[in-house]
Each structure stands twice: as structure tokens, then as C-alpha cells.
Amino acid sequence: MARAASDFMALAAGQLGMRLEILHARHDHLLMIRHAQDIAARAEPPDYVIIVNDKLAAPAMLAALDPSPTRVFVIHSDVTDEQRGTVGNERERHARWIGSAMPDNTRGVFRLAAALHRELGQRPIRALGITGPSSTPVSNERARGLSDYVASAAGARLEQLVYSDWSEADGERKAQILLARYPEANLLWAANDEMALGALKAVRDRGVQAVVAGMGGFSRALQSIAEGGLAATLTGHHLIGAWALVMLYDHANGIDFAADGGLRRRLDYLHVVTKANLRDYENAFSERERPIDFRRFSKAHHPDIKRYDFGLSTLLPTS
């Protein structure tokens, strides 16, 4: 059932009448930079380029794109404060870097941790966390949501947070080590679904009574929730590219998204999926169902819209 971010970008672009070209780099930062250089060298460059600060490659891509008239928008993984000390902010040193939009991972994970706490019957949390590489900004943003919730909950304790490589195998390895060290842990959070599924194997192998959750809303994770494995997942990251296209479509039609939320945006729309609301979520995003109409979120199409509302609640049944 799960569909990639590129699928939703293609859907949004088609509905909005935008021509979309997707260049894949598979987390290879050198290939990302080469793509940027190639785009800048085109005789007919695109109007907009959307890039990701994966492997902290955004500054090099911004520099590569500077000679081009193409306007640049950053999504998913933000340009860090440290990097901004060198490259500046949107519409400053790199004048055609017009904006950034990220899912608010910290607030989303805070809500996910709250849902897991409810699953525990409000028993004091003894939490373990597995996040991605320390060098990846999004890893730290996601982990901050867990630590913020634990700090806010009476009697809760974050026993340990460790870094991983995003893989299921390493998630299982790290969980085995953590559970051996903290056998009383009752909540295990991972920063993506693959690591969460690996951690679930470790929990079952050791016979620990703990709730396990991840992030991503991938099909295997949703199936695990349905079968009583994972307790929850945090979803919506796959839509950030489509939301960016909506804002860029409006920008191209003379409506600057910066007037509503600024140039550097944290979009607080991520959605916690548990067994209780799994069916509604699957129905909303199933390919068998009527596709999302992204035009309904555009100010150019709907001048009555005052503020963007990209919340997944607008796509889910209200009953």
C-alpha cells in the first residue's frame, strides 16, 4: 500500500500542471552535487529545483546552482544552524534559495511518544531510543521529540539513546544490546520503521514486555501494527515533496509562501497511526481510493485560503 514520496510529487505535479523531473542519488552526496552542477549547466534550466540536505550536501549544491537562474527549495532535511553560519539563510547570500520546508519531526515524535505512553496505561516510562547517524540533522530532530516527551512526563526516564545506520539489521543489533543493559525498559522507539521492525525482533527474542514504534508508515510497519506487533508509526514524511510543489506552484503564480509561515518552515502535520486508526489511514492513502486532490491546498486555486493547512486530518474520515 505504501507509496513513495516521488509518487505523491508526481501526482501533485500532474494535477497542478507542473512538469516534474526526478533525479535519484540514493544518498550519494557526490552524485547529488553532480546533479546540481549538471542542472546549472543546462541551456534551458528548470524554474525550480527541490533539493535535500542529505549527507549535509546542501551548501555544495547551492553553490553549484548559483550561476543558474533556477530557484532552489530545500525539503526534508534542513540546512543546519552551523551550515547557515557559512551559507547564510534563505534569500541572502544565495539569493535564489527561496525557501525550505521540513516535517516537524520533533513535535511529531512528541505525539508518538504520548501515544505510546497511553498504550502503557500511563505507567512510568523506561524508554530506549534508536536514531539514525549523528551527522544527519533529521536523526537529531527526531530524537529530540522523544527526549522532550520523556522530560515532560512524570517519573519517565530515557535510559539510553543510540545511533544506528537506519537498517533493520542494525536496529535489531542495537536493541539486543540495549535490552540486555536495561531489561526493565517498556518503550522502544526507533527513528524509522526498518529499525523499529528490527527492534521488535529483539523484544520478542528476549521476551520483553515493551511497546515498539517507528516512523515512516511503510507497508511492513502497517502490517505489523495490524498483527499486534508494532504499537504505532509516525507517518506523513512521504508528502513533504508534494506540499513543497503546492507552495512553489503558488509562488510561480505570484503568491509568495513566505507571507504565511516564513521562509524556513516547520510543517506540523505528521500523524500517529495505531491499530485504532489504521483502517482510516489505509483507506485515505490506498491506491484503490480516490487520489488526493492537491489543488485543494493551493492558494492560487483557492484564493479564500488564508493559511496553508497540510494536516493529515484533512485527508482522513471525520467520523
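Keep in mind it's a predicted model, so treat the numbers as computed, not measured.

1. Points about the nonpolar core
Core analysis: the biggest nonpolar cluster contains 84 residues, and Leu 239 and Phe 294 have the highest contact counts within it. The greatest single-element share of this core, amounting to nine residues, is contributed by helix α10 (residues 240-252). Dropping the residues within four chain positions of it, Leu 239 is found in contact with Phe 8, Tyr 269, Phe 285, Ile 292, Phe 294, Leu 312 and Leu 315.

2. Quick word on the pairing of strand β2 (residues 71-75)
With four of five residues buried, β2 lies mostly within the body of the structure. Strand direction decides the pairing type here: strand β1 (residues 48-52) and β2, joined by five bridges, are parallel. Along β2, the bridge assignment pairs Ile 50 with Phe 73. Assessed by its sense of winding, the connection that carries the chain from β1 through helix α3 (residues 58-65) to β2 is right-handed. In this structure, β2 lies alongside strand β3 (residues 97-103), joined through four bridges in parallel fashion. In the strand pairing of β3, Val 74 is matched with Ser 100.

3. Here's the deal with the side chain of Thr 233
Its place among the elements puts Thr 233 in strand β8 (residues 232-235). Polar contacts involving the side chain of Thr 233 include one to the side chain of Asp 193, which spans 2.8 Å. Beyond its immediate stretch of four places on either side in the chain, Thr 233 contacts Leu 112, Asp 193, Gly 214, Met 215, Gly 216, Gly 217, Leu 222, Ile 225, His 271, Val 272 and Val 273.

4. Concerning unusual backbone geometry
One non-glycine residue, Arg 26, lies in the positive phi region at around 50°. For Arg 26, the location among the structural elements is in the loop between α1 (5-16) and α2 (29-40). Here Lys 55, not a glycine, exhibits a phi torsion of approximately 55°, which is positive. With respect to the helices, strands and loops of the structure, Lys 55 is situated in the loop between β1 and α3.

Rules of the game
Residues numbered from 1 in each chain as written. Predicted model: local features only at pLDDT ≥ 70, side-chain atom pairs only at ≥ 80, totals over all residues. Heavy atoms only, no water. Core = buried A, V, L, I, M, F, W, Y, C linked by side-chain atoms within 4.5 Å. Buried < 20%, exposed > 50% of the residue type's maximum accessible area, 1.4 Å probe, protein only. Helix = DSSP H or I, 4+ residues; strand = E, 2+ residues; numbered from the N terminus. Contact = heavy atoms within 4.5 Å. Pairing = 2+ DSSP bridges. Right-handed = clockwise from strand over helix to strand, strands pointing away. Polar contact = N/O pair within 3.5 Å; in protein donor to acceptor, adjacent residues only side chain to side chain.

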